[in-house]
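Observations on the three-dimensional arrangement
Spelled out from the first residue to the last, the chains are:
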Amino acid sequence: MTSKIKSVAIIGAGAAGAMAAAAFKAENYYERIRVFERRESAGGSWIYDADPRPHPPLQPGKLARDIDPPLEIPDGDLKTPREVPPNQQERYSQTPVYNDLTTNVPHIAMSFSDRLFAYGPFPPHYIPRQYIENYFSHHKTDQFLVLNTTLEDLTKLPPAQKGGLERWKLTLRKYDALRHLDIWWEEEFDAVIIATGHYSVPYVPYVKGLPEYIAKYPNRVIHSKPYRSPHIYTSKRVLVIGNSASGHDVAAELVTTVQLPLYQSRRSPSRWDGDSPPPGIEWKPIIQEYIPSTGRILFADGSSLDDIDTVIYCTGYQVSFPFWKPAKNNGRELWDEKEKKLVKSYWHTFFQDLPTLAIIGLPRTLTFRSFEYQAIALARLWSARNQVDLPPLAEQEKWEAERLEKQKSEGKKFHDIPWDDGETIAWLEGLFRIAGLGTLKGDGRIPPVLGKDLIWALEHLRKYPEPKRGNTEGKGAVEAGSGEGFEEEGKDEGEWVVVERRKKDSLAFI
């Protein structure tokens, strides 16, 4: 790099932001580090909102850019802070944490290498939240925090000197809770790390008749994001859509309170499904159509349901970067909605054409521990203390093109990194090589080793039993050749399971 990076803005104070702050501080090189967090405290997606305020109506099939559009920035010069009435637009800042949520990754992998969770292996949601908040304090990086502050615009600036690197202008909005107003201002940084997570904007697929159904029956159809407890659904007829991690958790809770059976719509069997549904649950195929005039719900097998009180979509989230406006950045997009991937990225962390912009925490893989490798590699690279340079642009472009082709051919998402085929270790190894060692005087963090205890936990500990299942005919069976069949034999430890044998990827549940 032809010019020095001395100031770094980190967007988000969740686990990725906490590790980024610690890694950059450890370099003892950067002159200004700031962590901008839109919530009132650090903790990210693990902050618990006991009262999920009413969300706006769902928008089936709509993209994040339409659901979570950018705010209009006040006119005029914002180099001097400006006070305006508070924003009223939904910003999807509340989290999807429900009352009894626990982690689904063993705590040894959910912890950074220098501090373990208070206990495990699958602690309740307040343990990771406390852990993240305390991590800032432990490393004295809480001094970098700027809370209640949202990044509303990120614009690339020309280099400060000929042949130098681009810089960044951040337009920020801070909510003053005491005076109930917004304060807008601008700051400039040499480099920016996006650590905003991707569990904010709910995704609900389009189904024929669903928009009209939502309009006719307000509050009947919800996303799992505001779900908190099964008790408010006592004696109600409920249909759950989806059977991945959140769908499994929500269904397991609701079956204790709702009018039985609890209906669960599945596209395909999950890793927790056996050959038949658990007691109290009736499986249904995907929904074919909603009939607003009668309230009937039609399924792909020709069956139907009437008089459903609540439909809960457990269908995940969309990646959203409302602060990125292509019109202000030479038409460059940051996220490819069609391919569901970053545009012009390398190694799930860097940008090919934007060397002073990076992202931490996007891949669905080893969670907290993988953030550590990304953050250390970036801290070393931007301080010019890295051991290995990024490859030439042509190689980065080749990596992106080949990965896109491979993942599409295998029906996988671009940023999903499986564990069992060695891809996760290869990815971390690449970051490890970039970072190298710290300085002789002790500046900089060293990427951690993947210990045998961590690897054992990932491959053998499960939050839920995973039933033995074969490719048999009948309701709930796995189709031959689908790749979904597996057998697992394990030892029940009460609230979690030790698995002795597995056939599905160890991180498939993330």
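Above this note sits the structure.
Keep in mind that what you see is a predicted model, and the values were worked out from it rather than measured.

Conventions used here
- Residues numbered from 1 in each chain as written.
- Predicted model: local features only at pLDDT ≥ 70, side-chain atom pairs only at ≥ 80, totals over all residues.
- Heavy atoms only, no water.
- Salt bridge = Lys/Arg side-chain N within 4 Å of Asp/Glu carboxyl O.
- Helix = DSSP H or I, 4+ residues; strand = E, 2+ residues; numbered from the N terminus.
- Buried < 20%, exposed > 50% of the residue type's maximum accessible area, 1.4 Å probe, protein only.
- Core = buried A, V, L, I, M, F, W, Y, C linked by side-chain atoms within 4.5 Å.
- Pairing = 2+ DSSP bridges.
- Right-handed = clockwise from strand over helix to strand, strands pointing away.
- Polar contact = N/O pair within 3.5 Å; in protein donor to acceptor, adjacent residues only side chain to side chain.
- Axes fitted to C-alpha atoms, helices over the stretch in contact; angles between N-to-C directions.

**Things to note about the pattern of salt bridges**
- Per the counting criterion, the structure on display carries 35 salt bridges.
- A salt bridge links K463 to D249, with the shortest nitrogen-to-oxygen separation between them at 3.3 Å. With K463 in the loop between strand 24 (461-462) and strand 25 (490-492) and D249 in helix 6 (residues 245-254), this pair connects stretches of sequence that are 214 residues apart.
- The salt bridge partner of R403 is E423, with a shortest N-O separation of 2.5 Å. Separated by 20 residues along the polypeptide, R403 in helix 8 (residues 393-409) and E423 in helix 9 (residues 423-435) bring together distant segments of the chain. Each member of the pair R403 and E423 is classed as buried.
- When salt bridges that share partners are traced, they join D68, R91, E152, R173 and D182 into one network.

**A word on the nonpolar core**
- L254, F368 and W382 are the most contacted members of the largest nonpolar core, which has 82 residues in total.
- Tallying contributions element by element places helix 7 (residues 368-382) first for this core, with 10 residues.
- Grouped together as the second largest cluster of nonpolar side chains are 27 residues, A9, F36, L151 and F351 included.

**Here's the deal with the pairing of strand 11 (residues 238-241)**
- What you see with strand 11 is no split at all: V238 and V240 on one side and L239 and I241 on the other are buried throughout.
- One ladder, built from four bridges, connects strand 11 with strand 17 (residues 310-313); its direction is parallel. Residue pairing in the sheet places I241 in a bridge with Y313 of strand 17.
- As judged from the three bridges shared by strand 11 and strand 12 (residues 262-265), these two strands associate in the parallel manner. Looking at the pairing, L239 lines up with Y263 of strand 12.
- Handedness of the β-α-β unit built from strand 11, helix 6 and strand 12 comes out right-handed.

**Regarding the environment of W382**
- Topologically, W382 is positioned in helix 7.
- Sequence separation between W382 and L404 is 22 residues, and the spatial gap between their C-alpha atoms is 27 Å.
- Within the structure, W382 has its side chain in polar contact with the backbone oxygen of P355 (distance 3.1 Å).

**Observations concerning the sheet that holds strand 6 (residues 167-176)**
- In space, the four strands of this open sheet follow the order 3-7-6-5, with antiparallel pairing throughout. The open sheet has two edge strands, strand 3 (82-84) and strand 5 (149-157), and neither has a second partner. Averaged over neighbouring strand pairs, the angle between their axes works out to 25 degrees when direction is ignored.
- Here eight bridges tie strand 5 to strand 6, and the two strands are oriented antiparallel to one another. By the bridge assignment, D153 is partnered in strand 6 with T171.

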